[in-house]
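Results of the structural survey
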Amino acid sequence: MRTGRASALTDTGRRRPHNEDTFVCDPPLFAVADGVGGAKAGEIASRLAAATLEERLPGSFGKDTLAALILEANNRIYRHALDDPDAAGMGTVVTALLVDETACTVAIGHVGDSRAYRIRDEGLEQLTPDHSLVGELVRAGRLSTEEAEQHPHRSVITRAVGTEPTVDVHTEVLDALPGDLYLICSDGLTDLVRDERILELIAAAEDDPEAAVQSLVDAANSAGGIDNITVVLFEILAGDPVPAPAPEPTAPDPDDDTAEHALEPGENAASASATPLSTPPIQRHGAGAGGRWLALLAILLAISIAAIVIWWSLKR
């Protein structure tokens, strides 16, 4: 088997001022990180997690690999929060899938309430448990699935990466079959779009990942867009594994603020779409090239206003 088409999309939604989600769509690794802890801090945490995941060594697969990467992300985020008072308490939800084409398996590493699904034989199956208050109540039999969907505290998570010195990572390995579709998404989708509708939208897109992720994001926004929305979708095909291309050296981007600091996440942490045979375009949140120009203009404007005020004061 081999990994086929893949696509990912993230959207701020209609009510949040910032996007604290980050995704990885870099076959054979796929992940969603949903930051918690406040606007800037949540964004930093999710990017640190994504950047750590992308440090996976070539040829390393399986649940132990994902567990080690998520534990390392936990360590980096926790230490960063200790060093920066403005980031105190920050953390992130992480759901990551790692495809081993040779073993025909998909490994899962998961903390929090983002979700991974598998679509097989026209059915949608949730692969990850919700580490949330209502998720725990549902598993304990004290709350029905329908009641959980309307519970006022359904967004309260019980486990996150980076909020404590260590974290319990849920891991497992599943057999993969040709024809499988795998979906990873933040709760900005699942809080507003029911599983049945998710399946309908993917089917209506005729299993085209790019069209499907756009439809899912649009559906969440149409339902209110109360949170950031992130969706990653990829397919498994029959055939021999595709050899990984040799990495090409790349010069650092002088306009990329994320490369200036070892703790600034984001390199290759998000892409609009990806296939195993091409290098995906890179998408960064925060101050990329455009963000720096806006910041520079703001500084120049502030200097100009200050000069005018001083001149006016002297004229008086």
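Provided above is the structure to which this section pertains.
Fair warning: this is a prediction, and the values are worked out from it, not measured in the lab.

1. Here's the deal with the packing of aromatic side chains
- This structure, assessed with the given rule, holds 2 aromatic pairs.
- Note on Phe 30 and Phe 234: the rings are 3.9 Å apart at their centroids and 10 degrees apart in plane angle, and the pair reads as stacked. Here Phe 234 lies in strand 10 (residues 229–237) and Phe 30 lies in strand 3 (residues 29–36), a separation of 204 residues in the sequence. Phe 234 shares its class with Phe 30; the two are buried.
- Note on Tyr 182 and Phe 234: the rings are 5.3 Å apart at their centroids and 15 degrees apart in plane angle, and the pair reads as stacked. You can see Tyr 182 sitting in strand 9 (residues 181–185) and its partner Phe 234 sitting in strand 10, a full 52 residues away along the chain.

2. Structural notes on the packing of helix 6 (residues 195–204) against helix 7 (residues 209–222)
- Remark: helix 6 packs on helix 7, axes separated minimally by 8 Å, with the N-to-C direction vectors making an angle of 140 degrees. Classified by the interaxial angle, the pair formed by helix 6 and helix 7 is oblique. Between helix 6 and helix 7 the crossing geometry is right-handed. Note on element contacts: helix 7 touches helix 6 through Ala 212, Ser 215, Leu 216 and Ala 219, opposite Ile 198, Leu 201 and Ile 202.
- In terms of residue class, the contact of helix 6 with helix 7 is built from 6 nonpolar, 1 polar and no charged.

3. A short note on the sheet that holds strand 2 (residues 21–26)
- Within the open sheet, the 5 strands sit side by side as 2-3-4-5-8. Their pairing is antiparallel. Edge strands, defined here as strands with exactly one partner in the open sheet, are strand 2 and strand 8 (170–175). Strand-to-strand twist across the sheet, computed as the mean angle between neighbouring axes with direction ignored, equals 10 degrees.
- Bridge count for strand 4 (residues 91–100) against strand 5 (residues 105–111) is 7 bridges, and the pairing is antiparallel. Looking at the pairing, Ala 96 lines up with Gly 109 of strand 5.
- Packed on one face of the sheet, helix 2 (residues 63–83) meets strand 3, strand 4, strand 5 and strand 8 and runs near 25 degrees to strand 5.

4. Structural notes on the pattern of salt bridges
- Per the counting criterion, the structure on display carries 13 salt bridges.
- In this structure, the salt-bridge partner of Arg 16 is Asp 227, at a minimum N-O distance of 3.2 Å. With Arg 16 in the loop between strand 1 (2–11) and strand 2 and Asp 227 in the loop between helix 7 and strand 10, this pair connects stretches of sequence that are 211 residues apart.
- Here Arg 16 falls in the partly exposed class, since its relative accessible area comes to 38%.

How each quantity is defined
- Residues numbered from 1 in each chain as written.
- Predicted model: local features only at pLDDT ≥ 70, side-chain atom pairs only at ≥ 80, totals over all residues.
- Heavy atoms only, no water.
- Phe/Tyr/Trp six-rings, centres within 6.5 Å; stacked < 30°, edge-to-face > 60°.
- Helix = DSSP H or I, 4+ residues; strand = E, 2+ residues; numbered from the N terminus.
- Buried < 20%, exposed > 50% of the residue type's maximum accessible area, 1.4 Å probe, protein only.
- Axes fitted to C-alpha atoms, helices over the stretch in contact; angles between N-to-C directions.
- Parallel < 35°, antiparallel > 145°, perpendicular 65-115°, else oblique.
- Left-handed = near helix turned anticlockwise from the far one by under 90°.
- Contact = heavy atoms within 4.5 Å.
- Nonpolar A, V, L, I, M, F, W, Y, C, P; charged D, E, K, R; others polar.
- Pairing = 2+ DSSP bridges.
- Salt bridge = Lys/Arg side-chain N within 4 Å of Asp/Glu carboxyl O.

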